[in-house]
Amino acid sequence: MNIHEYQAKQIFAKYGVPTPRGIVANTPEQAFLNAQELGGNIWVVKAQIHAGGRGLGGGVKLAKSHEEVKQLASEILGMTLVTHQTGPEGKLVQKVYIEEGADIKDELYLGVVLDRAKEMPVIMASTEGGMEIEKVAEETPEKIIKVAVDPAIGFQGFHGRELVFGLGITDKAEQGKFIKFAKALYTVYMENDAEMIEINPLIKTGSGEFLALDGKMGFDDSALGRHPDIEDMRDISEEDPDEREASQYGLSYISLDGEIGCMVNGAGLAMGTMDTINYMGGTPANFLDVGGSANAETVAKGFEIILKNKNVKAIFVNIFGGIVRCDRIANGILEATKITDVNVPVVVRLDGTNAPEAAEILKNANISNIIVGSDLGDGAAKAVAAAKGE
Amino acid sequence: MSILVNKDTKVIVQGFTGKEGTFHAEQCLAYGTQIVGGVTPNKGGQEHLGKPVFNTVKEAVANTGATVSMIFVPPAFVSDAVMEAADAGIELAVIITEGAPVRDMQAAKAYAVKHNMMTIGPNCPGIITAEECKIGIMPGMIFKKGNVGLISKSGTLTYEGANQVCNEGYGITTAVGIGGDPIIGLSYKQLLPMFEADPETEAIVMIGEIGGDLEIQAAAFIKENITKPVVAFIAGQTAPAGKRMGHAGAIISGGAGTAAEKMAALEAAGVKVVVSPAEIGKAVSEVLSK
């Protein structure tokens, strides 16, 4: 799960990670009042969406009066912001963050993420703040400092020294401030079961203070149960409605732009099914893992969600029953055809536990648009042919 | 022969009396696995599925001589269970539970390594030595005895691969589902040399997927150390980039993690890479009939 910048900064503040002061607004009038409350003579109006690259897309603007804050907020609220991370359809802006202006001397980068190879969190820092970090990693990898922290010992002094010397911070007072900043950020990461934290840019002000000018956080979904405060930060409007609906039924769904709807058990086989369709000259319309507890209701829901996508010309149901029993899936398919108008050909391949019973059920039902595939290759080939109208 | 487990392996079940634990322990017993008991706190002294229940893993080990534990406890209790097993001298913990927090698994794995306990999973189908010992949730009937070792991140692709190998007239020595979580126990690099050393295994199937760089590490290892033929499939060639993979995650591996990159690395290491999982059986047949 991801959260907005203003929410990440609320968490930062709790742990003593310094940020500029700011207040979130839903309306231009609120934005005006926020600017008044913050005081000062320069403000930044920032679109709150779950995607990076907001500045380049026109979602971050500088204002020099309360009136201008209101004006900019009215322009940004309700706009569809397109950035390199939103996809061409963009994202609707429903909240703006009004933040006091900052005196930027240097822009740095600081992040924490799991290093899967080392199996411990790694703090990443760079002097190339404000740039896309992927680009820095690709073009000048030597400008990224990586310091892995073993949670068994926690953040130690040497971790901090590796960071400041790596970044070329020589002033002793500044070194102390940066180390404190990084240590607090590590604590934020650990205590909240974050999956990643990114501050880009982290700025040094003219007076030598370090501030998180931006903040991005993602969380380990498996750990949300023990963080009800973070679960409360979930912004449903940022999530794909179909993906969300699917997850409520224990289905894992991701929409793609092809023509063949897929319903599969297991994430690996679901990806493998998409790959096979592609290999045979078709295009997958979605990823859909029905999980281990599939029943008639979830299968019917799966069909409903797949068929919302008007590009779908055929559906391939590919189940290898281990925990999932094939006869249940077969009954689910029959049930689904009663509940939902399945108006495209459905190729069904059921193998594994209770596959013969399942075959019998489908045969006896005798439904015209159900085509039986004998194995993965055969099923995929038939689905590709069906989508082409062959 | 086989790797890690066989008909003589003594297994206990942590989370023995729960719904999942009960169902799958029963299936494993029916397969012939030597399940010698289980652990459920406060149910010690009882009998379940005809086997003794203990309050702690230490007691279970002392009374049964078990060396392997199959873990079915709920996600929030997985790290505790794994550490208890390691502390009690279990040699291999097979963690089936899905949805354990990554931070918990980080701590549990580090503790297991310190205590020389091997782990498989979490979030995996388990391990099976065909017709001898099933420790997990896979449908046992598709694994016929044979000469092919199998390592897979995905549960259902394990079944798919094994089924195809058997349909081609071959069979499986041992199949290991290693799971696809960010932190897992035994991986390709540890399992490949075990299959290399197993006299009955004549070919190895490895099934990977996008994310992380375990397959790239495996490719480098195969090039240097593995003489038996390897067939590989990498799932997710058509998966949209960045959908599940966190932003900063891609940087760590230096841009690694795509299917194309993993396939190229494996091919360069002399592995027979198939583009579709539907080709696994045929590819195994090809490398074995050479």
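Every value quoted in this text rests on a predicted model; they were computed, and no experiment measured them.

(A) Up close: the overall build of chain B. If you tally the helices and strands in chain B, you get ten helices and 14 strands. Relative to the 2.2 N^0.38 estimate, which gives 19 Å for 290 residues, the radius of gyration of chain B is 19 Å and therefore close to what a compact globule would have. If one aligns the C-alpha atoms of chain B with their principal axes, the spans along those axes are about 55 × 45 × 30 Å. The buried share of chain B, taken over its 290 residues, is 59%. Considering only contacts within chain B whose residues lie at least 6 apart along the sequence, 74% involve residues at least 24 apart. As displayed, chain B has an accessible area near 10600 Å², and 52% of this comes from carbon and sulfur atoms. If the 22 positive side-chain charges of chain B are averaged to one point and the 28 negative ones to another, these points end up 2 Å apart.

(B) Main features of the overall build of chain A. Helix and strand counts for chain A come out as 13 helices and 18 strands. When burial is assessed residue by residue, chain A has 54% of its 390 residues classed as buried. In chain A, the proportion of contacts linking residues at least 24 apart, taken out of those at least 6 apart, comes to 69%. Computing the positive centroid from 37 side-chain charges and the negative centroid from 57, chain A places the two 2 Å apart.

(C) Up close: the sheet that holds strand β3 (residues 47-48) of chain B. Residue and element names in this part refer to chain B. On the basis of which strands lie adjacent, the open sheet formed by seven strands has the order β3-β4-β2-β1-β5-β6-β7 and mixed pairing. The sheet is open, and its two edges are formed by β3 and β7 (118-120), each paired on a single side. Bridge count between strand β5 (residues 68-71) and strand β6 (residues 92-95): four bridges; the pairing is parallel. Among the inter-strand pairings, Ser 69 is bridged to a residue of β6, identified as Ala 93. Across the sheet, helix α1 (residues 19-31) lies against β1 (10-14), β2 (34-39), β3, β4 (51-54) and β5, angled at about 160° from β2, the strand it touches most.

(D) The arrangement of the sheet that holds strand β6 (residues 96-100) of chain A in detail. All names here are of chain A. Within the open sheet, the four strands sit side by side as β1-β6-β2-β3. Their pairing is antiparallel. Across the chains shown, the open sheet's two edge strands, defined by having one partner strand only, are β1 (22-25) and β3 (60-63). Each neighbouring strand pair of the sheet contributes to a mean axis angle of 20°, computed without reference to strand direction. Direction of pairing for β1 relative to β6: antiparallel, over a ladder of four bridges. Across the sheet, Val 24 pairs through a bridge with Tyr 97, a residue of β6.

(E) Summary view of the nonpolar core. Met 70, Ile 135, Phe 143, Ile 172, Leu 192, Val 205 and Leu 266 of chain B are the most contacted members of the largest nonpolar core, which totals 94 residues. Sequence-distant contacts of Leu 266 of chain B, defined by excluding residues within four places in its chain, comprise Met 206, Glu 215, Ala 219, Ile 222, Ala 232, Ile 234, Val 271 and Val 273 of chain B. Membership of the second largest hydrophobic core comes to 65 residues, among which are Phe 178 of chain A together with Ile 12, Met 105 and Ile 183 of chain B.

(F) Geometry of the packing of aromatic side chains. Evaluation of the coordinates by the stated rule reveals five aromatic pairs over all chains. When the ring of Phe 155 of chain A is compared with that of Tyr 186 of chain A, the centres are 6.3 Å apart and the planes differ by 45°; the resulting orientation is tilted. Taken together, the positions of Phe 155 of chain A in the loop between β9 (144-148) and α5 (157-167) and Tyr 186 of chain A in helix α6 (residues 172-191) put the pair 31 residues apart, joining distant regions of the chain. Look at Phe 155 of chain A and you get buried, because its relative accessible area is 8%. Residue classification places Tyr 186 of chain A among the buried positions, given a relative accessible area of 6%. For the pair Phe 320 of chain A and Tyr 159 of chain B, a centre-to-centre distance of 6.1 Å together with 55° between the ring planes defines the contact as tilted. Of this pair, Phe 320 of chain A sits in strand β16 (residues 314-321) while Tyr 159 of chain B sits in helix α5 (residues 155-167), placing the two residues on different chains. Overall, Tyr 159 of chain B belongs to the buried group, its relative accessible area being 4%. In textbook terms, an aromatic cluster arises when at least three aromatic residues are bridged by ring pairs, as seen for Phe 178, Phe 181 and Phe 210 of chain A.

(G) Layout of the environment of Leu 49 of chain B. Residue and element names in this part refer to chain B. Checked against the element boundaries, Leu 49 lands in the loop between β3 and β4. Residue classification places Leu 49 among the partly exposed residues on the basis of a relative accessible area of 27%. As for Leu 49 and Thr 17, which are separated by 32 residues in sequence, their C-alpha atoms are 9.0 Å apart. Apart from residues lying up to four places away in sequence, Leu 49 is in contact with Phe 16, Thr 22, Ala 25, Glu 26 and Leu 29.

(H) Molecular detail of the packing of helix α10 (residues 296-308) of chain A against helix α11 (residues 326-339) of chain A. All names here are of chain A. In the contact formed by α10 and α11, the axes pass within 8 Å of each other and the chain directions differ by 55°. Classified by the angle between their axes, α10 and α11 sit oblique to one another. Considering the relative orientation of α10 and α11, their crossing is right-handed. Contacts from Ala 296, Val 299, Ala 300 and Phe 303 in α10 reach Ile 329, Gly 332, Ile 333, Glu 335, Ala 336 and Ile 339 in α11. Of the residues that constitute the contact of α10 with α11, the class distribution is eight nonpolar, one polar and one charged.

Reading the values: the criteria
Residues numbered from 1 in each chain as written. Chains lettered and ligands numbered in written order. Predicted model: local features only at pLDDT ≥ 70, side-chain atom pairs only at ≥ 80, totals over all residues. Heavy atoms only, no water. Helix = DSSP H or I, 4+ residues; strand = E, 2+ residues; numbered from the N terminus. Rg over C-alpha atoms; globule rule 2.2 N^0.38 Å. Buried < 20%, exposed > 50% of the residue type's maximum accessible area, 1.4 Å probe, protein only. Contact = heavy atoms within 4.5 Å. Areas by Shrake-Rupley, 256 points an atom, 1.4 Å probe, with all protein chains shown as cover. Lys, Arg positive; Asp, Glu negative; His and termini not counted. Charge placed at Lys NZ, Arg CZ, Asp CG, Glu CD. Pairing = 2+ DSSP bridges. Axes fitted to C-alpha atoms, helices over the stretch in contact; angles between N-to-C directions. Core = buried A, V, L, I, M, F, W, Y, C linked by side-chain atoms within 4.5 Å. Phe/Tyr/Trp six-rings, centres within 6.5 Å; stacked < 30°, edge-to-face > 60°. Parallel < 35°, antiparallel > 145°, perpendicular 65-115°, else oblique. Left-handed = near helix turned anticlockwise from the far one by under 90°. Nonpolar A, V, L, I, M, F, W, Y, C, P; charged D, E, K, R; others polar.

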